[in-house]
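Inside the fold
Next come the chains, spelled out residue by residue.
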Amino acid sequence: MEILPCEGCKGLCCGPVPVTESEFKKIKKKIKSMPTKMRSELENQKRYYGTCIFYDLNKDRCGIHSVRPEICRMFGYYKDLVCFRKPALATKNIDQSDKEKHVGILTLDFTWKDLK
Ligand code: SF4
Ligand code: SF4
């Protein structure tokens, strides 16, 4: 599969995203399993206003990549989630049936305080 040219974007499209309960549980587990130094480095980064609380600006990538929400995995590859840098890759249709409900928005409803 052709991939998006994300390097250098500095989290341009990583704003507040919706999560399901099970996704948030996985994120919580991941954060808790991180070495303290790494976790605090990620938590205390100065981000752009509106950038997702898990974006790792120092490394220019998602700080929780293996457990990122489904919407982040879909971004750029679905017709309603187009990346302006490579719109041709957004070809799939979203199937809303049998999807777990979102319980809130990362960065707005869920912040680092909810991960302690
Ligand atoms: S999906 Fe698009 S806007 Fe987002 S980081 Fe990748 S190339 Fe940049
Ligand atoms: S969870 Fe990761 S991929 Fe999703 S918006 Fe936040 S930083 Fe970006």
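So, here's what we can say about the structure. (Residues numbered from 1 in each chain as written. Chains lettered and ligands numbered in written order. Predicted model: local features only at pLDDT ≥ 70, side-chain atom pairs only at ≥ 80, totals over all residues. Heavy atoms only, no water.)

The local shell around ligand 1 consists of Leu 4, Pro 5, Cys 6, Cys 9, Cys 13, Phe 75, Cys 83 and Arg 85. If you map ligand 1 onto the pockets, it falls in the largest pocket. Looking at side-chain class alone, the shell around ligand 1 contains seven nonpolar, no polar and one charged residues. (Near = heavy atom within 4 Å. 1 Å grid on protein atoms, 1.4 Å probe; cavity = no way out; pocket = protein on both sides within 12 Å on 5 of 7 lines; lining within 4 Å. Sits in = over half its atoms within 2 Å of the grid points. Nonpolar A, V, L, I, M, F, W, Y, C, P; charged D, E, K, R; others polar.)

As a further point, take the side chain of Asp 60. Position of Asp 60 among the secondary structure elements: in the loop between β2 (55-56) and β3 (61-62). The charged side chain of Asp 60 is buried without a salt bridge, its nearest counter-charge being Lys 10 at 5.1 Å. A polar side-chain atom of Asp 60 sits 2.7 Å from the main-chain amide nitrogen of Gly 8. Among the polar contacts made by the side chain of Asp 60, one reaches the main-chain amide nitrogen of Lys 10 at a distance of 3.0 Å. Those residues in contact with Asp 60 that lie beyond four places of it in its chain are Glu 7, Gly 8, Cys 9, Lys 10, Gly 11 and Tyr 55. (Helix = DSSP H or I, 4+ residues; strand = E, 2+ residues; numbered from the N terminus. Buried < 20%, exposed > 50% of the residue type's maximum accessible area, 1.4 Å probe, protein only. Lys, Arg positive; Asp, Glu negative; His and termini not counted. Salt bridge = Lys/Arg side-chain N within 4 Å of Asp/Glu carboxyl O. Polar contact = N/O pair within 3.5 Å; in protein donor to acceptor, adjacent residues only side chain to side chain. Contact = heavy atoms within 4.5 Å.)

Right, let's talk about the layout of surface pockets for a bit. Considering only enclosed or pocket space, the largest pocket measures out at about 770 Å³ in volume. Mapped by element, the contributors of at least two residues to the lining of the largest pocket are β3 and α3 (70-74). Looking at which element gives the most residues to the lining of the largest pocket, the answer is α3, with three residues. The residue makeup of the lining of the largest pocket, split by class, is 23 nonpolar, three polar and eight charged. For the second largest pocket, the calculated volume is near 240 Å³. Looking at the second largest pocket, it is lined by 13 residues, and the ones nearest its centre are Thr 20, Glu 70, Lys 99, Glu 100 and His 102. For the lining of the second largest pocket, the secondary structure elements donating two or more residues are β1 (18-20), α1 (21-33) and α3. Taken together, the residues that form the lining of the second largest pocket break down as four nonpolar, four polar and five charged. (Points joined across faces, edges and corners; volume = space filled by probe spheres on them.)

What is shown is where atoms sit, not what they do.
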